[in-house]
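Structure at a glance
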Amino acid sequence: MSEITQDYIVDFLSTIQPSSNSFITALEKEAHRKEIPIISFEVKALLEVLLSLHKPTKILEIGTAIGYSSILMSQYLPQDGKIITIDRYPYMIQQAKENIFKARLDSKITLLEGDAEEILPTLEPYFDMIFLDAAKGQYHAFLPYCLRLLRPGGLLIADNVLHKGMIAKSRYNIPRRQRTIHKRLRSFLWDIHHHPILQTSVLPIGDGVALCYKKTEEETKNEKL
Ligand SMILES: C[S@@+](CC[C@H](N)C(=O)[O-])C[C@H]1O[C@@H](n2cnc3c(N)ncnc32)[C@H](O)[C@@H]1O
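Being a predicted model, the structure only gives us computed values, none of them experimental. Residue positions are given per chain, counted from 1 along the sequence in the order it is written. Totals for whole chains, interfaces and linings use all residues, but because this is a predicted model, local features are given only for residues with pLDDT of at least 70 and pairs of side-chain atoms are given and counted only at 80 or more. Heavy atoms throughout the structure, all of them, feed into the side-chain values; hydrogens and water do not.

This part takes up the overall build of the protein chain. Helices and strands together make up the secondary structure of the protein chain, namely nine helices and seven strands. Note on method: radius of gyration uses C-alpha positions; expected globular size equals 2.2 Å times residues raised to 0.38. The C-alpha radius of gyration of the protein chain comes to 17 Å, within 12% of the 17 Å expected for a compact globule of 225 residues. The principal-axis extents of the C-alpha atoms in the protein chain amount to approximately 50 × 40 × 35 Å. Think of it in three bands: with a 1.4 Å probe and only protein chains considered, a residue is buried below 20% of the maximum accessible area for its type, exposed above 50%, and partly exposed in between. Residues classed as buried in the protein chain amount to 46% of the 225 residues present. Contact criterion: two residues are considered in contact whenever any of their non-hydrogen atoms come within 4.5 Å of each other. Of all intrachain contacts in the protein chain linking residues separated by at least 6 positions in sequence, the fraction that spans at least 24 positions is 69%. A 1.4 Å probe and the Shrake-Rupley method give the accessible areas. Residues count as covered only by the protein chains that appear here. With an accessible surface of roughly 12200 Å², the protein chain has 54% of that area assigned to carbon and sulfur atoms. Asp and Glu are treated as the negative residues and Lys and Arg as the positive ones, with His and the ends of the chain left uncounted. By convention, the point assigned to a charge is CZ for Arg, NZ for Lys, CD for Glu and CG for Asp. Of the charged side chains in the protein chain, 28 are positive and 27 negative, and the gap between their average positions amounts to 3 Å. Helix and strand assignments come from DSSP, with helices taken as H or I runs of at least 4 residues and strands as E runs of at least 2, each series counted from the N terminus.

What follows is the structure, given as structure tokens:
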């Protein structure tokens, strides 16, 4: 059920989705059965379009869970393409490793185990695309690393940025325990919209997806009217 888009629209769109290959469909069912949060079908479709258009060779994913989105994205990589994906939760790491092995994608997908906050500073640039799908409260802290690691002309995609629509409400209408996330996510949204090297659009699909294009040096210099 969507908190952002009206349910009848989401329901309708879900009925017209083409079916995926059987491995991806089985993983999707497994995730839903085990209540593991994976990308929504709308975000899956968006990612597939963006991957076809952008044609990345090197992808960084922050937040692997059971490997569903990594495995999906790997289907759009060229022969020499690589994905580095990060997760810190041992249960997810074990499930993801099994799934990546079963899909025979060990040579394409490398799973780094640990907190992204510690791993990100150790990575070498550049990635063509970064998919940020981890703890929302850390997005603003991850942004400087993402900007360092993303190549000029690259694409940063961040999922769940509207936090079930809560982000649009005043902090006084947010339960106290959610206020830190609310504040940090708002700060992330502000930064990606105002950063001079980013061009950003937030789509209210799924739980909200931010698309941020990192301008090249020339594009940054050429100010628009
Ligand atoms: C929403 S799930 C990722 C779903 C996955 N991208 C998919 O669609 O198949 C978020 C994952 O991020 C991981 N995570 C959250 N914060 C993290 C952090 N700081 N470092 C590493 N992993 C993190 C969690 O353990 C969880 O498995």
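Before going further, it helps to examine the nonpolar core. By nonpolar core we mean a set of buried residues, namely Ala, Val, Leu, Ile, Met, Phe, Trp, Tyr and Cys, connected to one another through side-chain atoms within 4.5 Å. Counting 33 residues, the largest nonpolar core has Leu47, Met73, Met129 and Ile157 as the members making the most contacts within it. If you list the elements that add at least two residues to this core, you get α2 (22-33), α3 (41-54), α4 (68-74), α5 (90-102), β3 (109-113), β4 (127-132), β5 (150-159) and β7 (209-214). Here the element with the most residues in this core is α3; it accounts for five residues. With sequence-adjacent residues up to four places away left out, isoleucine 157 is seen in contact with Leu47, Leu50, Met129, Ile130, Phe131, Leu132, Val209, Ala210 and Leu211. Of all hydrophobic cores here, the second largest spans 30 residues; its members include Ala116, Ile130, Phe142 and Cys212.

Turning next to a nonpolar patch on the surface. Each patch is built from salt-bridge-free residues with over 30% relative accessible area, joining like charges within 9 Å and nonpolar side chains (Val, Leu, Ile, Met, Phe, Trp, Tyr) within 5 Å. A carboxyl oxygen of Asp or Glu within 4 Å of a side-chain nitrogen of Lys or Arg is what we treat as a salt bridge. A grouping of Tyr8, Ile9, Phe12, Leu13 and Ile16 is seen on the molecular surface, where their side chains present a nonpolar patch of about 500 Å² in accessible area. Here isoleucine 16 shows up in the loop between α1 (7-15) and α2.

Here we take up the site of the ligand. In these notes, residues near a molecule or strand are those with any non-hydrogen atom within 4 Å of it. Lining the immediate surroundings of the ligand are 21 residues, of which Gly63, Ser69, Asp87, Asp133 and Gln138 lie closest. Take aspartate 115: an N or O atom from its side chain is 3.0 Å from a nitrogen atom of the ligand. At 2.7 Å, a side-chain N or O of aspartate 133 approaches a nitrogen atom of the ligand. In the complex, 92% of the free accessible area of the ligand, which totals 610 Å², lies under the protein chains. Of the residues contributing to the shell around the ligand, the split by class is eleven nonpolar, five polar and five charged. Two N or O atoms form a polar contact when they lie within 3.5 Å of each other; inside protein one atom must be a possible hydrogen donor and the other a possible acceptor, and for residues adjacent in sequence the pair counts only when both atoms belong to side chains. Classification used: nonpolar for Ala, Val, Leu, Ile, Met, Phe, Trp, Tyr, Cys and Pro, charged for Asp, Glu, Lys and Arg, polar for all others including Gly.

This part is about unusual backbone geometry. The omega torsion across proline 125 and tyrosine 126 is 5°, close enough to zero to call that bond cis. Looking at the element boundaries, tyrosine 126 is found in the loop between α6 (116-119) and β4. Although it is not a glycine, alanine 65 adopts a positive phi angle of roughly 50°. Here alanine 65 lies in the loop between β1 (58-62) and α4. Note on alanine 65: relative accessible area 12%, which makes it buried.

The next subject is the packing of aromatic side chains. Pairs were defined over the aromatic rings of Phe, Tyr and Trp, the Trp ring being its six-membered one, requiring ring centres within 6.5 Å. Orientation was assigned from the angle between planes: stacked under 30 degrees, edge-to-face over 60, tilted for the rest. Taken as a whole, this structure holds two aromatic pairs when the rule is applied. When the centroid spacing of 6.3 Å and the interplanar angle of 50° are considered together, the rings of tyrosine 89 and tyrosine 91 count as tilted. Overall, tyrosine 89 belongs to the partly exposed group, its relative accessible area being 46%. Relative accessible area serves as the criterion here: at 33%, tyrosine 91 is assigned to the partly exposed category. Ring geometry for tyrosine 139 versus phenylalanine 188: centroids 5.4 Å apart, planes at 70°, classification edge-to-face. You can see tyrosine 139 sitting in helix α7 (residues 139-149) and its partner phenylalanine 188 sitting in helix α8 (residues 179-194), a full 49 residues away along the chain. The class of tyrosine 139 is buried, set by a relative accessible area of 0%. Should the NZ of a Lys or the CZ of an Arg lie within 6 Å of a ring centre and within 35 degrees of the ring normal, that charge is described as sitting over the ring. For lysine 58, the ring lying beneath its charged end belongs to phenylalanine 127, and the centroid distance is 4.5 Å. When the ring centre of tyrosine 172 is taken as origin, the NZ or CZ atom of arginine 171, which lies over that ring, is 5.8 Å away.

Next up on the list: the confidence of the model for the protein chain. For the protein chain, the mean per-residue pLDDT works out to 95, and 99% of the residues sit at or above 70. Helix α9 (residues 217-221) is the least confidently modelled element of the protein chain, averaging 92 in pLDDT, while β1 averages 99, the highest of any element. One number per residue, pLDDT, summarises how confident the predictor is, and it ranges from 0 to 100.

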